[in-house]
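The primary structure of each chain is shown beneath.
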Amino acid sequence: ELLDLSSGAARIFRAARFRQWSLASAVAEEMEEEWEDFQALGFVPPMLEAEMEAALEDLLDAIEARDIAETRQASIDVARASLDLQLRHLPRDEIDLAQIDLWSRQLQVDAAARDRGAVRGDLETIRIIRDRFAHPDGEIDAHIMALQSAALGSNVSGAEEVAGRLQNALARSSRGVPGL
């Protein structure tokens, strides 16, 4: 169920960009059912349960309002809540890849809002997480360097595009990482 929540959040993130509201609504309904199934198992820590409940509610409201930026942000929040619930079951490398993916999405939202400070903060977070990798990945590193050039220069729009390419590279290297 948690993997379905993560992948559903990623699908909604993409659907909102292209104003595919019917798809986003259908996926959100599936996610609600997955969450209810997971809750029925009975071992959800209360604080994480509250985090997911709020994130799903915000996501449904944003989809209903057909607000692209809010829907994309809420989908990131749902994916983060799902990852929080998965942390104790995943190897460190998978967690790091999933975190970079989420921060890449956050960077896209912040770049679309033309929030240069937030974009720089997102980039720094990506770089810190990347520094934990045990083995270098040339493709991911190249995208992070290109992202740094775009984010630190005057091309905030370019940073959004490069972040999308970074997400594609992460998906290619993920081998089953949640939500990628």
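Computed from a predicted structure; not experimentally measured.

Please provide a residue-by-residue account of helix α2 (residues 21-40), values included.
Helix length check: α2, at 20 residues, gives a terminal C-alpha distance of 29 Å against a target of 28 Å (1.5 Å per residue), a fit within 8%. Listed as buried for α2 are Trp21, Ala24, Val27, Ala28, Met31, Trp35 and Phe38. Each buried residue of α2 sits inside an arc of 120° when the element is viewed along its axis, so together they form one side. Exposed and facing more than 90 degrees away from the buried side of α2 are Ser22, Glu33 and Ala40. Within two residues after α2, Gly42 carries a phi angle of roughly 85°, on the positive side.

Outline helix α1 (residues 2-17), listing residues and values.
The end-to-end C-alpha distance of α1 is 23 Å, a good match for the 22 Å that 16 residues give at a rise of 1.5 Å each. Listed as buried for α1 are Leu2, Leu5, Ser6, Gly8, Ala9, Ala10, Ile12, Phe13, Ala15 and Ala16. Where the residues of α1 are buried, they touch α2, α3 (46-65), α4 (68-86) and α5 (92-112).

So, the packing of α5 against helix α6 (residues 116-130): which residues are in play, and what are the values?
Orientation of α5 relative to α6, taken along the N-to-C sense of each, is 170°, at an axis distance of 9 Å. Overall, the two elements α5 and α6 adopt an arrangement that is roughly antiparallel. Here Asp96, Gln99, Ile100, Trp103, Ser104, Gln106, Leu107, Asp110 and Ala111 of α5 lie close against α6, whose contacting residues are Ala118, Val119, Asp122, Leu123, Thr125, Ile126, Ile129 and Arg130. Of the residues that constitute the contact of α5 with α6, the class distribution is nine nonpolar, four polar and four charged.

Could you give me a rundown of the pattern of salt bridges, with the residues and numbers involved?
Throughout the structure, instances matching the rule amount to nine salt bridges. Measuring nitrogen to oxygen at the nearest pair gives 3.9 Å for the salt bridge that ties Arg72 to Glu160. Highlighted residues: Arg72 in helix α4 and Glu160 in helix α8 (residues 156-174), separated in sequence by 88 residues. Its relative accessible area of 7% is what places Arg72 among the buried residues. What emerges from the salt-bridge pattern is a single network uniting Arg92, Asp96 and Arg132.

Definitions and cut-offs
- Residues numbered from 1 in each chain as written.
- Predicted model: local features only at pLDDT ≥ 70, side-chain atom pairs only at ≥ 80, totals over all residues.
- Heavy atoms only, no water.
- Helix = DSSP H or I, 4+ residues; strand = E, 2+ residues; numbered from the N terminus.
- Expected span 1.5 Å × (residues − 1).
- Buried < 20%, exposed > 50% of the residue type's maximum accessible area, 1.4 Å probe, protein only.
- Arc of directions from axis to C-beta.
- Contact = heavy atoms within 4.5 Å.
- Axes fitted to C-alpha atoms, helices over the stretch in contact; angles between N-to-C directions.
- Parallel < 35°, antiparallel > 145°, perpendicular 65-115°, else oblique.
- Nonpolar A, V, L, I, M, F, W, Y, C, P; charged D, E, K, R; others polar.
- Salt bridge = Lys/Arg side-chain N within 4 Å of Asp/Glu carboxyl O.

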